[in-house]
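Architecture at a glance
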Amino acid sequence: MKKHMKRLAAPRTWRVERKVQVWTAKPSPGPHPTERSVPIVSVLRTYLHYADNWREASAILNGRKVRVDGRIVSNLKFPVGLMDVLALEETKETHRMLLDRKGRLALVRIGESEAKWKLARIEDKHTVRGGVTQLNLHDGRNVLLEKDQYKTRTTLKIQLPDQKILESYPLERGNTVLLIGGRHAGEVAHIDRLELTRNPKANLVYFKEGFSTIIDHVFVIGGERSEVTLPEGAAL
């Protein structure tokens with residue numbers, strides 16, 4: 001596995017200037033895929049402008065006052081991904097990683113109450129020893145439940161950092177979603193109906209806004225309205 005990444009090869013979801021320098025940081029293997037996460041050193045340098053170089057970013061993280069989802073992060077290449085909550089104790093700022101209208105990863109400033117939880121989508125689930133159901137979430141988390149009560153693609157509102165489930169938002173008519181892939185990536189829409197197939201073709205989701213996409217690109221973010229603060233200019 002290569003340890004470095006050229007800026008020209010960086011995912012299109014990253015907000016990096018591609019012709020200013022040759023190299024950029026490559027995120028470490030972790031809870032998010034490369035195209036849906038940004039290494040925290042780039043967050044501090046490019047997104048928040050709190051550091052001008054690698055050494056300054058390292059000094060900030062070594063102070064052990066930067067948290068992602070309630071846990072201290074010191075690895076410069078740690079991936080900050082979709083729906084993660086980034087907290088900086090020195091400046092008392094809290095941000096959530098979302099997608100902007102151009103489908104690029106963007107930080108959104110949030111309040112103290114919203115920083116206590118995050119949204120996580122159920123990617124799949126299976127039964128483990130003792131008949132316990134294990135939910136595998138989009139950010140690498142695993143949640144164990146005594147009873148199987150949530151469907152795949154349901155979004156859970158979980159408390160940070162103890163992972164207590166506060167609410168759930170299933171993939172059903174009327175709910176608000178964020179598109180995380182395809183030509184409509186970054187847009188917010190409302191579900192009209194689902195088209196589930198029993199063949200190799202992908203399941204489709206149709207929206208009241210007049211378009212459709214495959215189910216993998218749909219991330220439910222609330223009921224009639226979004227539970228998370230959206231990037232400026234995004235429709236509810």
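Just so it is clear, the structure is predicted and the values come from calculations on it, not from any experiment.

About the thresholds
Residues numbered from 1 in each chain as written. Predicted model: local features only at pLDDT ≥ 70, side-chain atom pairs only at ≥ 80, totals over all residues. Heavy atoms only, no water. Core = buried A, V, L, I, M, F, W, Y, C linked by side-chain atoms within 4.5 Å. Buried < 20%, exposed > 50% of the residue type's maximum accessible area, 1.4 Å probe, protein only. Helix = DSSP H or I, 4+ residues; strand = E, 2+ residues; numbered from the N terminus. Contact = heavy atoms within 4.5 Å. 1 Å grid on protein atoms, 1.4 Å probe; cavity = no way out; pocket = protein on both sides within 12 Å on 5 of 7 lines; lining within 4 Å. Points joined across faces, edges and corners; volume = space filled by probe spheres on them. Nonpolar A, V, L, I, M, F, W, Y, C, P; charged D, E, K, R; others polar. Axes fitted to C-alpha atoms, helices over the stretch in contact; angles between N-to-C directions. Parallel < 35°, antiparallel > 145°, perpendicular 65-115°, else oblique. Left-handed = near helix turned anticlockwise from the far one by under 90°. Pairing = 2+ DSSP bridges. Polar contact = N/O pair within 3.5 Å; in protein donor to acceptor, adjacent residues only side chain to side chain.

Formed by 51 residues in total, the largest nonpolar core has its most connected members in Val43, Met83, Phe207 and Ile221. It is helix α1 (residues 40-47) that provides the largest number of residues to this core, a total of 5 residues. Among all residues touching Phe207, those that are not within four sequence positions of it are Val177, Leu179, Ala189, His190, Ile191, Asp192, Ser212, Thr213 and Val218. With 9 residues, the next largest nonpolar core counts Leu137, Val143, Tyr150 and Leu156 among its residues.

Each pocket or cavity is described by its volume, and for the largest pocket that value is around 290 Å³. Considering the residues around the largest pocket, the lining is formed by 15 residues, among which Val85, Ala87, Thr94, Glu112 and Ala115 are closest to the centre. Looking at the lining of the largest pocket, the elements that each hand over two or more residues are β7 (85-88) and β8 (93-99). Among the residues making up the lining of the largest pocket, the classes are represented as 5 nonpolar, 3 polar and 7 charged.

What follows covers the environment of Ile215. Relative to the helices and strands, Ile215 resides in the loop between β18 (212-214) and β19 (218-222). Judged by its relative accessible area of 14%, Ile215 falls in the buried class. The spacing of Ile215 and Asn203 is 12 residues in sequence and 5.7 Å in space, taken between C-alpha atoms. Discounting residues that sit within four places of it in the chain, Ile215 has contacts with Arg121, Arg153, Leu171, Asn203 and Val205.

For the pair α1 and helix α2 (residues 54-62), interaxial distance at closest approach is 10 Å and the crossing angle is 115°. Comparing their axes, α2 and α1 come out roughly perpendicular. Where α1 crosses over α2, the two elements pack in a sense that is right-handed. In this structure, α1 contributes Ile40, Val41, Leu44 and Arg45 to the contact, and α2 contributes Trp54, Ala57, Ile60 and Leu61.

Further remarks concern the sheet that holds strand β14 (residues 165-169). Taking strand neighbours across the sheet as the criterion, the 5 strands line up as β12-β11-β10-β13-β14 in an open arrangement whose pairing is antiparallel. Strand pairing shows two members of the sheet lacking a second neighbour, β12 (142-145) and β14, which therefore form its edges. The average angle at which neighbouring strand axes cross in this sheet is 40°, direction not considered. Note that strand β11 (residues 132-137) and β12 share 4 bridges and pair antiparallel. What sits directly across from Asn136, in β12, is Asn142.

With that settled, the discussion passes to α1. Most of α1 sits inside the fold, with 6 of its 8 residues counted as buried. Turning to α1, its buried residues are Ile40, Val41, Ser42, Val43, Leu44 and Tyr47. At the exit of α1 stands His49, carrying a positive phi of roughly 60°.

Bringing α2 into the picture now. With a side-chain oxygen lying 3.2 Å from the backbone nitrogen of Arg55, the N-terminal cap of α2 falls on Asn53. Directly beyond the C-terminal end of α2, a positive phi value near 55° is found at Arg64.

Quick look at unusual backbone geometry now. Across the junction of Leu160 and Pro161, the peptide omega takes the value 0°, indicating a cis bond. Positive phi, close to 75°, is recorded for Met83, a residue that is not glycine. Within the secondary structure layout, Met83 lies in the loop between β6 (79-81) and β7. Even without being a glycine, Arg153 presents a positive backbone phi close to 80°.

Through backbone hydrogen bonds, the strands of a sheet pair up, either in parallel or in antiparallel fashion. Spatial strand order, β5-β4-β7-β8-β9: 5 strands in an open sheet with antiparallel pairing. Here the strands that pair on one side only, and so sit at the sheet edges, are β5 (71-72) and β9 (105-109). Judged from the 4 bridges that link them, β7 and β8 form a sheet pairing that is antiparallel. Residue Leu86 lies in a different strand from β8, and its bridge partner there is His95. Against the sheet, α1 makes contact with β4 (66-68), β7, β8 and β9, and its axis sits at roughly 70° relative to β9, the strand it touches most.

Read these as spatial facts, not as claims about activity.
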